[in-house]
Amino acid sequence: MQADQFIHDIPAAIAMRAFQGTSHSPEKRGESYRNDYAQTLAADYQEFQDQAAKGGTQDKMQEAFERYRQGYASRYRAWLSSHSRCISWMIAGPSNFPSRRAEKWNNAAHNRMTEAIDYRERVKRAILRELRPDLRPIMAGDADAIQRLAFKVAAMSRNQIVMKQTNAAIRKHAKAGAEAQILALAELGISRTNAEKLIGRDYAGRVGFPTYELTNNNANLRRGRERLEHLERMHAQPVTEMQGEGVRFQLDPPANRVRLYFEGKPAAQLRERMSKGGFRWTPSLGAWQAYINHRTQELAQRIVKGGHDEINP
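Calculation notes
- Residues numbered from 1 in each chain as written.
- Predicted model: local features only at pLDDT ≥ 70, side-chain atom pairs only at ≥ 80, totals over all residues.
- Heavy atoms only, no water.
- Core = buried A, V, L, I, M, F, W, Y, C linked by side-chain atoms within 4.5 Å.
- Buried < 20%, exposed > 50% of the residue type's maximum accessible area, 1.4 Å probe, protein only.
- Helix = DSSP H or I, 4+ residues; strand = E, 2+ residues; numbered from the N terminus.
- Contact = heavy atoms within 4.5 Å.
- Salt bridge = Lys/Arg side-chain N within 4 Å of Asp/Glu carboxyl O.
- 1 Å grid on protein atoms, 1.4 Å probe; cavity = no way out; pocket = protein on both sides within 12 Å on 5 of 7 lines; lining within 4 Å.
- Points joined across faces, edges and corners; volume = space filled by probe spheres on them.
- Nonpolar A, V, L, I, M, F, W, Y, C, P; charged D, E, K, R; others polar.
- Arc of directions from axis to C-beta.

Engineer: I tried to follow the nonpolar core on my own but got confused; where do I start?
Structural biologist: Across soluble globular proteins, nonpolar side chains show a tendency to be buried alongside one another. With 28 residues, the main nonpolar core has Phe6, Tyr37, Phe65, Tyr68, Tyr72 and Leu80 as its most contacted residues. Elements with a contribution of two residues or more to this core: α1 (12-17), α2 (26-55), α3 (58-83) and α5 (99-131). Ranked by the residues each element gives to this core, the list is headed by α3, at nine residues. If we ignore the near neighbours within four places in the chain, the residues touching Phe65 are Phe6, Leu41, Asp44, Tyr45 and Phe48.

As structure tokens, this is what we get:
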């Protein structure tokens with residue numbers, strides 16, 4: 001979007017009044033801030049659009065942007081309105097200048113400005129995470145963990161094949177010249193711009209993909225395959241439970257969670273013990289929950305077998 005599509009989010013009258021007490025040219029100063037706002041929104045819109053295209057979330061982009069736009073615009077207007085109470089002795093004159101009130105108004109305006117800046121940074125980060133679910137860390141308990149990891153492993157496998165084929169093509173057509181190499185790389189789906197970079201020598205005199213890139217990718221591919229196999233085994237395991245006196249232990253491999261359900265509120269010492277052991281209270285489940293590992297399983301089993309009073313290490 002063009003910047004002029006956003007400038008009317010900030011009325012000219014509000015922007016002008018914001019600087020009547022601090023500028024000899026409040027109209028010009030106010031207009032500059034309106035333009036800054038509009039250009040910022042245009043840049044953010046383009047960034048959201050680009051990331052949505054990469055993440056395949058174009059259907060979410062417009063609603064997310066409008067939510068962000070309304071929130072930022074309201075805080076930007078609040079800052080301008082607050083700034084309209086600010087005064088400068090150069091404008092108001094030094095005689096009987098209310099220094100204390102001026103400082104109070106300046107601090108209030110500064111707080112409103114900080115709120116607008118913080119809002120933009122915080123909400124932008126949240127929306128970009130929403131638009132790029134592919135960049136979110138793959139957690140073992142995620143419902144789509146196997147699907148996402150399988151896609152990632154397949155991509156690394158394709159990259160390994162392409163890198164090997166690229167280096168082989170560059171070597172094969174080295175004597176025929178650069179144009180022959182570029183044409184050979186084009187058959188692999190590599191653009192001319194990227195092909196020219198690949199056949200050009202780097203600082204170490206290497207062409208194509210350096211060996212360390214293939215080695216690193218292959219190592220990541222191996223680890224990815226191992227983790228995928230581990231997740232597939234975990235998600236295939238059943239949920240098991242163990243009942244104790246006033247407490248129930250649940251092992252949920254598909255979710256990668258171990259849970260403790262108490263009939264009543266556990267004692268303070270026991271809550272502290274669980275917190276130190278990696279458990280966190282989860283109100284939505286009514287349970288104390290932790291990731292599955294040897295330590296959390298052992299602690300949960302000891303609590304179930306020993307009852308509420310089992311808190312010893």
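Engineer: Any chance you could explain the pattern of salt bridges here in plain terms?
Structural biologist: Opposite charge on two side chains permits them to pair, given that their charged atoms come into close proximity. With the rule as written, the count across this model stands at 15 salt bridges. For Asp44, the salt bridge is made with Arg120, and the minimal N-O distance between the two is 2.9 Å. Taken together, the positions of Asp44 in helix α2 and Arg120 in helix α5 put the pair 76 residues apart, joining distant regions of the chain. Classification of Arg120 as partly exposed rests on a relative accessible area of 25%. Residue Arg248 is joined to Glu241 by a salt bridge in which the shortest nitrogen-to-oxygen separation is 2.9 Å. Classification of Arg248 by relative accessible area gives partly exposed; the value is 25%. Within this structure, Asp44, Glu47, Arg120 and Lys124 form a network of salt bridges that share partners.

Engineer: What should I look at first to understand the layout of surface pockets in this one?
Structural biologist: Think of a ball as big as a water molecule: rolled over the atoms, this probe shows where empty space is left. In this structure, the largest pocket spans a volume of roughly 230 Å³. If you go around the largest pocket, the residues you meet are Pro133, Asp134, Arg136, Pro137, Ile138, Asp144, Gln147, Arg148, Phe151 and Lys152. The class makeup of the residues in the lining of the largest pocket is four nonpolar, one polar and five charged. Put simply, the second largest pocket is a space of about 180 Å³. Taken together, Tyr33, Tyr72, Tyr76, Trp79, Met113, Ala116, Ile117, Arg120 and Glu121 make up the lining of the second largest pocket. Of all elements in the fold, only α3 and α5 reach the threshold of two or more residues within the lining of the second largest pocket.

Engineer: How should helix α8 (residues 192-199) be read in this particular structure?
Structural biologist: One turn of an α-helix holds 3.6 residues; hence residues three or four places apart share an orientation. Here α8 has its buried residues at Ala195, Leu198 and Ile199. Projected down its long axis, α8 carries its buried residues within an arc of 90°, all on one side.

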